[in-house]
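Working through the structure, step by step
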Amino acid sequence: MPLGSLKDGEMIRIIRTGLTRTHHPQKVIIVGAGMAGLVAASLLKDAGHRVEILEASGRIGGRILTIRSPFTDGLYMEAGAMRIPGNHFLVFEYLRKWGLTVTPFQNDTPMDLICVNGVRIRQWEYQRQPDLLRYPVWPRERGESADTLLRRALRPFLSLYRRLSPEGKRRLIREMDGYSMETYLRHNPWGAALSPEAVEMIKVIWDLEGLSENSFLGILEILDLFLNPRLHFYEITGGFDRLPGAFLPQLKEEIRLRQQMVKIRQEPDRVLIYTRNRETGKLEQYGGDTAIVTIPFSVLRWVDVEPRASFSHNKWKAIRELQYIPTVKTGLQFKSRFWEQEGHQGGKAVTDLPIRFVYYPNHGIGSDGPGVVLASYTWGDDAAPWNSLSADERISRALENVARLHGPRVYREFVTGSSFSWTRHPWSAGSFSLYEPLQYTELFPFIPTPEGRVHFAGEHTSSNPGWIEGAIESGIRAAVEVNGDRRRK
């Protein structure tokens, strides 16, 4: 919950009308063609700057990755971003700008399947009788769902936070920064602590088992969205890759693919970015007045910086210590949408099997023909067993787990599959940033700050880490910084 310096209204205005046209055009080198880099490049080019975008992979989009092959019939899976909260106004502003439409994304439905502790029930049954899942909770917790227990535990903190002034919020954040989610739930400083078994139930049902030792504040930022019953979620019609793709007409001449940054050199009157061309293996050099680095810190660790002291001590600490959460997704295509016959129209299945969470497609509901199910979505520690497997092995294991939910018909219906690990992806080394205890106060103030001629963007530098909204916010902020920078050769 870091407090940003640019307000939503200011950023929406910038998306609509652009930055102030510069009288001092710069050459700006942007490292990374994800959403942060594309947004910054688009704004700066329109403001009169010369931009050049260096991207290590062979595509744009970063952690927006829509996998279309080997799926057939126009089907796809979202290996990265797959849903947009309705209050992420910057994303929707760009969707309007590019003429893209959305489809409702159902995070949950009353017909969601829960397969936990050897019990198989529907979400509506669990909400009516939570004790059916056989968690040996304390007597005062019996008959209470994970949803009810979690809301009750968080309500005092959230109520206090929302009442405080900005300075009061900062003080409370500093006070709570040492808590992990596990510690908060077990030793609640604002209300009744929960039993270990109640905490276990919350972690399983709310998909927190793999993250519970991470920052309470960081996880709360995620939970707060999903706990809001009035907040709706959406997906981009036709695939999320349409959003970065919409920047191509403006920026295709400025994008250099397969250019892996290996060194940053700052000189008194310029910054040099050295890359290795991944097609030829040759080292190349790009010079500019300013650079914007948008790649994850997990990848930036491999990059030489000269002189080393051109980055501050605290920046180096953040580069070393900021954690990126492992995520593995596996999608399976089936001949028919048999899950709809069983009552699944969007929504999910919650399990304590290795696959953990299954998401049923929200698009194409009621149509004939095949469909793709996100058969396994794991993150944090839950992703570790999957990262030990090859992609083919992950597909096979996911199919076996799905068969335990839907029976042997899944083998007859199976067509093909795809699996993607962000940890094993060399240009991300993890899927999104998430703080550990104490890192809000010790790391965040130094993550987005410029170092000499080098500026920083990306979801990890924003007040909305882990979301497209954060990437866009950071791209706007970095563009504003550069546009107001009066240094020249």
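Residues numbered from 1 in each chain as written. Predicted model: local features only at pLDDT ≥ 70, side-chain atom pairs only at ≥ 80, totals over all residues. Heavy atoms only, no water.

The protein carries the name Monoamine oxidase in an unreviewed UniProt entry, which gives Kroppenstedtia eburnea as its organism.

The subject of this paragraph is the domain arrangement of the protein. When its domains are assigned, the protein resolves into domain 1 (8-57 + 243-323 + 449-484), domain 2 (66-87 + 103-107 + 325-424) and domain 3 (128-227). Here the C-alpha centre of domain 3 lies 36 Å away from the C-alpha centre of domain 1. Taken together, the four residues of domain 1 in the interface contact four residues of domain 3. Summed over both sides, the interface between domain 1 and domain 3 buries roughly 290 Å², with carbon and sulfur atoms accounting for 49% of that surface. By the criterion of area lost to domain 3, the three top residues of domain 1 are Gln-323, Pro-465 and Trp-467, representing 88% of everything that side buries. Between domain 1 and domain 3 we count zero salt bridges in total. The tally of links between domain 1 and domain 3 comes to one residue pair in polar contact (both at pLDDT 80 or more). For the side of domain 1 that touches domain 3, the per-class residue count stands at two nonpolar, two polar and no charged. (Domains from an automatic or database assignment. Contact = heavy atoms within 4.5 Å. Buried area = accessible area lost by both parts, 1.4 Å probe. Salt bridge = Lys/Arg side-chain N within 4 Å of Asp/Glu carboxyl O. Polar contact = N/O pair within 3.5 Å; in protein donor to acceptor, adjacent residues only side chain to side chain. Nonpolar A, V, L, I, M, F, W, Y, C, P; charged D, E, K, R; others polar.)

This next bit is on the UniProt feature "binding site: FAD" (unreviewed entry) in the protein. According to UniProt, the feature "binding site: FAD" (unreviewed entry) maps to Glu-55, Ala-56, Gly-80, Ala-81, Met-82, Arg-83 and Glu-459 in the numbering used here. What stands out for the annotated residues spanning 405 residues is how far apart their C-alpha atoms range, the widest pair being 25.6 Å apart. Taking the annotated residues in turn, Met-82 line the largest cavity. Filtering out sequence-adjacent residues up to four positions away, Met-82 remains in contact with Phe-105, Tyr-234, Glu-235, Phe-240, Lys-329, Tyr-359, Leu-374 and Tyr-377. Residue placement: Glu-459 occurs in the loop between strand S23 (454-456) and helix H19 (468-483). Looking at Glu-459, its side chain comes within polar contact range of the side chain of Ser-433, at 3.0 Å. (UniProt positions renumbered as here; feature names shortened; annotations may be inferred. 1 Å grid on protein atoms, 1.4 Å probe; cavity = no way out; pocket = protein on both sides within 12 Å on 5 of 7 lines; lining within 4 Å. Helix = DSSP H or I, 4+ residues; strand = E, 2+ residues; numbered from the N terminus.)

What follows is about the pattern of salt bridges. Using the criterion set out here, one finds 26 salt bridges in the structure. Taking the shortest distance from any N to any O, the salt bridge between Glu-93 and Arg-16 comes out at 2.8 Å. Here Glu-93, found in helix H3 (residues 89-98), pairs with Arg-16, found in helix H1 (residues 8-17); they are 77 residues apart in sequence, far enough to count as distant. One salt-bridge network, in which partners are shared between bridges, spans Lys-263, Arg-265, Glu-267, Arg-270 and Glu-306.

If you trace the backbone, Trp-386 turns up in helix H15 (residues 384-387). Here the alpha-carbon distance between Trp-386 and Ile-472, two residues 86 residues apart in the chain, equals 30 Å. Ignoring anything within four residues of it in the chain, the contact list for Trp-386 reads Val-328, Pro-354, Ile-355, Ser-376, Thr-378, Arg-394, Arg-397 and Ala-398.

Reading across the sheet, the three strands line up as S5-S9-S6 and stay open at both edges, with antiparallel pairing between neighbours. In this open sheet, the two edge strands, each paired with only one partner strand, are strand S5 (84-85) and strand S6 (102-105). Pairing geometry for S5 and strand S9 (residues 233-236), over two bridges, is antiparallel. Within the sheet, the bridge partner assigned to Pro-85 lies in S9 and is Phe-233. (Pairing = 2+ DSSP bridges.)

Looking now at unusual backbone geometry. Of note, the amide linkage connecting Ser-69 to Pro-70 takes the cis form, showing an omega dihedral of 15°. Relative to the helices and strands, Pro-70 is located in the loop between strand S3 (66-67) and strand S4 (77-78). Residue Pro-307 follows Glu-306 across a cis peptide bond; omega there is -15°. Summarising the element assignment, Pro-307 is placed in the loop between strand S15 (304-306) and helix H13 (313-321). A positive phi angle, close to 60°, is found at Asp-73, a residue other than glycine. Looking at where Asp-73 falls in the secondary structure, it is placed in the loop between S3 and S4. The phi dihedral of Arg-356 falls on the positive side, at around 60°, and the residue is not glycine. Using a relative accessible area of 3% as the deciding quantity, one classes Arg-356 as buried. (Buried < 20%, exposed > 50% of the residue type's maximum accessible area, 1.4 Å probe, protein only.)

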